[in-house]
Amino acid sequence: MATIAAVIASTHHPFYLRASTATGDDRPPFADEWVAKIEAFRETLTRARPDVLVMVGSDHFHQLWLDNMPQFLIGKAPFYDANYYNEEREFGLPRMGLRGDEELSAYLLRGGIDAGFDLAFSNELRVDHSITCPIITLRPQADLPIVPVYTNIFAPPMPQPKRFVELGQAIRALVEAWPSDKRVAIIGTGHLSLELGGPRQFGPHGPDPEFDRKAVEWIASADLKSALAEVSLDSLWLPGNATHGFMDFMLMMGVAGENVRADYADSLDLFHTMEAYFTWYPEASR
Amino acid sequence: MSKYLIDKFLYTIDRDPELVERYREDPRGTVDWWESERANVILNCPAAERSTWLEFTDAERDALGGHDYVALFELGAHTFLLLTLFIAMFERDYAEPLAFQREFAARLGHWKVPYPDIST
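Residues numbered from 1 in each chain as written. Chains lettered and ligands numbered in written order. Predicted model: local features only at pLDDT ≥ 70, side-chain atom pairs only at ≥ 80, totals over all residues.

## Overview of the overall build of chain B
Working step 1: From N to C terminus, chain B includes 7 helices and 0 strands.
Working step 2: Oriented by its inertia axes, the alpha-carbon framework of chain B measures out at about 45 × 30 × 25 Å.
Working step 3: Looking at chain B residue by residue over its 120 residues, the buried ones come to 31%.
Working step 4: Taking the intrachain contacts of chain B between residues at least 6 apart in sequence as the baseline, contacts between residues at least 24 apart amount to 61%. (Helix = DSSP H or I, 4+ residues; strand = E, 2+ residues; numbered from the N terminus. Buried ≥ 20, exposed ≤ 12 C-beta atoms within 10 Å, placed from the backbone. Contact = placed C-beta atoms within 7 Å.)

Okay, here's the thing in structure tokens:
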């Protein structure tokens, strides 16, 4: 059976590449600390020696649109072109390309559908910064095949938070039962409190530091009971109008396993939104 | 009220560099052209298989034609689309980094949660 080499949950911050490569007067004062934290976080994936990456993220109205919006979608393609003109324009993200693992994609689609998730699929998917930001931070050589898993955290009506957790639990069980000798890292990125296009955007901190403090503790301890008790589709509007991205963290808590404390947890209070990084090593506890 | 059509406008302009510039320079002309030529194009269908029923209300047309992002927020435009396109058009006019984004926030400063519903 396959080995889950690491479970990683992270924020995805499209400004990291620009901040980390800026020099002279253009280099923001927080860049050095941010780079140090990212490099330490990257080592948690490197040391897990993965062969393939399952990447959980969300399309930001790039390929997926309101005339045909899937709730959960898995890519099944041999290759994924990546990043879009408006990401190049706003964030300076380069065009990228990532190989796909079609065998694992097909396996997760079949198994996920049979487990009760009516998953959409795509045989030609151009992924965006929700997938490429963690590649840039965690695996900048972009040398491993991926399986993209997209969730709708963006366009109401969205699935319930509980459903994200359940999908995470299903992905964990499926990967553990995959008849393969590969080492699989499952990586998902979302957000803590975040405001986009509203009055609380681009402040000196995230829009709701109190939510962020609680959320970081929920994630670090995979405290699904508390998270599910306090978080609902309605409540997530309150910490910031783009905070539904937290549901991708909840999915990853489902992957990690309830009440399993992260082996690595770190965070960084930045302007606009807080960064947070978590790694679990399920292999060590087997 | 056609929040979907506002979002479709923002989405289809934002993904096309020429249309971003055209909308910046000639907002009312671009909105009129788009409503007559593009509003009913189904994005994944051949041009001939278009819709027949999509149109803006007067308030929506005025808000888009006036680059009025406060009004668009209040009409329930998707805030990600709204922010992204307006950054593309106007960030360049401000000397300080993030100055446009902060002005955008300040002009919405009278809003507290709950914000207008963005459901389509």
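## Description of helix α5 (residues 129–138) of chain A
Working step 1: By the criterion of burial, α5 of chain A is predominantly enclosed, with 10 of the 10 residues buried.
Working step 2: Taken residue by residue, α5 of chain A has His129, Ser130, Ile131, Thr132, Cys133, Pro134, Ile135, Ile136, Thr137 and Leu138 of chain A as its buried positions.

## Remarks on the pairing of strand β3 (residues 72–75) of chain A
All names here are of chain A.
Working step 1: Alignment of β3 against strand β7 (residues 146–151), held across 3 bridges, turns out to be antiparallel. What sits directly across from Ile74, in β7, is Val149.
Working step 2: Here 3 bridges tie β3 to strand β6 (residues 120–122), and the two strands are oriented parallel to one another. In the strand pairing of β6, Ile74 is matched with Phe121. (Pairing = 2+ DSSP bridges.)

## A word on the nonpolar core
Working step 1: Formed by 111 residues in total, the largest nonpolar core has its most connected members in Val54, Ile186 and Met253 of chain A together with Leu82 of chain B.
Working step 2: For this core, the element with the highest residue contribution is helix α9 (residues 246–256) of chain A, accounting for 9 residues.
Working step 3: Each residue touching Met253 of chain A, except ones within four places of it in the same chain, is listed here: Val165, Gly168, Ile219, Ala222, Leu224 and Ala227 of chain A. (Core = buried A, V, L, I, M, F, W, Y, C linked by C-beta atoms within 7 Å.)

## Focus: the sheet that holds strand β10 (residues 274–280) of chain A
All names here are of chain A.
Working step 1: The 8 strands lie next to each other as β6-β3-β7-β2-β8-β1-β10-β9, forming an open sheet whose pairing is mixed. Either end of the sheet is taken by a strand with one partner, and the two such strands are β6 and β9 (264–269). The mean angle between the axes of side-by-side strands here comes to 15°, regardless of whether they run parallel or antiparallel.
Working step 2: Summarising the sheet, β9 and β10 pair through 6 bridges and their orientation is antiparallel. Among the inter-strand pairings, Ala265 is bridged to a residue of β10, identified as Phe278.
Working step 3: Strands β1 (3–11), β8 (183–190), β9 and β10 of the sheet are contacted by helix α2 (residues 31–46), whose axis makes an angle of about 160° with β9. (Axes fitted to C-alpha atoms, helices over the stretch in contact; angles between N-to-C directions.)

## A look at the confidence of the model for chain B
Working step 1: Scored by pLDDT, chain B has a mean of 97; 99% of the residues are at 70 or more.
Working step 2: For this predicted complex, the interface confidence reaches an ipTM of 0.96, while the overall pTM sits at 0.97. (pLDDT = per-residue confidence, 0-100.)

## Considerations on the interface of chain A and chain B
A common way to state how big an interface is: give the accessible area lost once the parts meet.
Working step 1: Facing the 24 residues of chain A at the interface are 31 residues of chain B.
Working step 2: The residue inventory of the side of chain A that touches chain B, partitioned by class, reads 13 nonpolar, 7 polar and 4 charged. (Nonpolar A, V, L, I, M, F, W, Y, C, P; charged D, E, K, R; others polar.)

## Looking at unusual backbone geometry
Working step 1: Pro157 of chain A follows Pro156 of chain A through a cis peptide bond whose omega is 0°.
Working step 2: Position of Pro157 of chain A relative to the elements: it lies in the loop between β7 and α6 (161–176).
Working step 3: A cis amide bond links Val113 of chain B with the next residue in sequence, Pro114 of chain B, at an omega value of 0°.
Working step 4: One non-glycine residue with positive phi stands out, namely Ala142 of chain A, at about 50°.
Working step 5: A positive phi is found at Phe202 of chain A, a non-glycine position, where the angle reads about 55°.
Working step 6: With respect to the element layout, Phe202 of chain A can be found in the loop between β8 and α7 (209–220).
Working step 7: Classification of Phe202 of chain A as buried rests on a count of 20 C-beta atoms within 10 Å.

## Considering the environment of Asp248 of chain A
Residue and element names in this part refer to chain A.
Working step 1: By secondary structure assignment, the location of Asp248 is in helix α9.
Working step 2: Owing to 27 C-beta atoms within 10 Å, Asp248 belongs among the buried residues under this scheme.
Working step 3: Spatially, the C-alpha atom of Asp248 lies 16 Å from that of Glu217, the residues being 31 residues apart in sequence.

## Things to note about the environment of Tyr16 of chain A
All names here are of chain A.
Working step 1: With respect to the helices, strands and loops of the structure, Tyr16 is situated in helix α1 (residues 16–21).
Working step 2: In this structure Tyr16 comes out as buried when scored by C-beta crowding, with 22 C-beta atoms within 10 Å.
Working step 3: Along the backbone, Tyr16 and Phe91 are 75 residues apart, and their C-alpha atoms lie at a distance of 8.7 Å.
Working step 4: Discounting residues that sit within four places of it in the chain, Tyr16 has contacts with Trp34, Ile38, Cys133, Ile136 and Thr137.

## What to know about the packing of helix α1 (residues 3–14) of chain B against helix α6 (residues 79–90) of chain B
All names here are of chain B.
Working step 1: Running from amino to carboxyl end, α1 crosses α6 at an angle of 40°, the nearest separation of the two axes being 9 Å. Viewed along their axes, α1 and α6 adopt a mutual orientation that is oblique. At the point where α1 passes α6, the crossing takes the left-handed sense. When α1 is examined against α6, the residues Asp7, Leu10, Tyr11, Ile13 and Asp14 are found in contact with a partner set consisting of Leu81, Leu82, Thr84, Leu85 and Ala88.
Working step 2: The residue inventory of the contact of α1 with α6, partitioned by class, reads 7 nonpolar, 1 polar and 2 charged. (Parallel < 35°, antiparallel > 145°, perpendicular 65-115°, else oblique. Left-handed = near helix turned anticlockwise from the far one by under 90°.)

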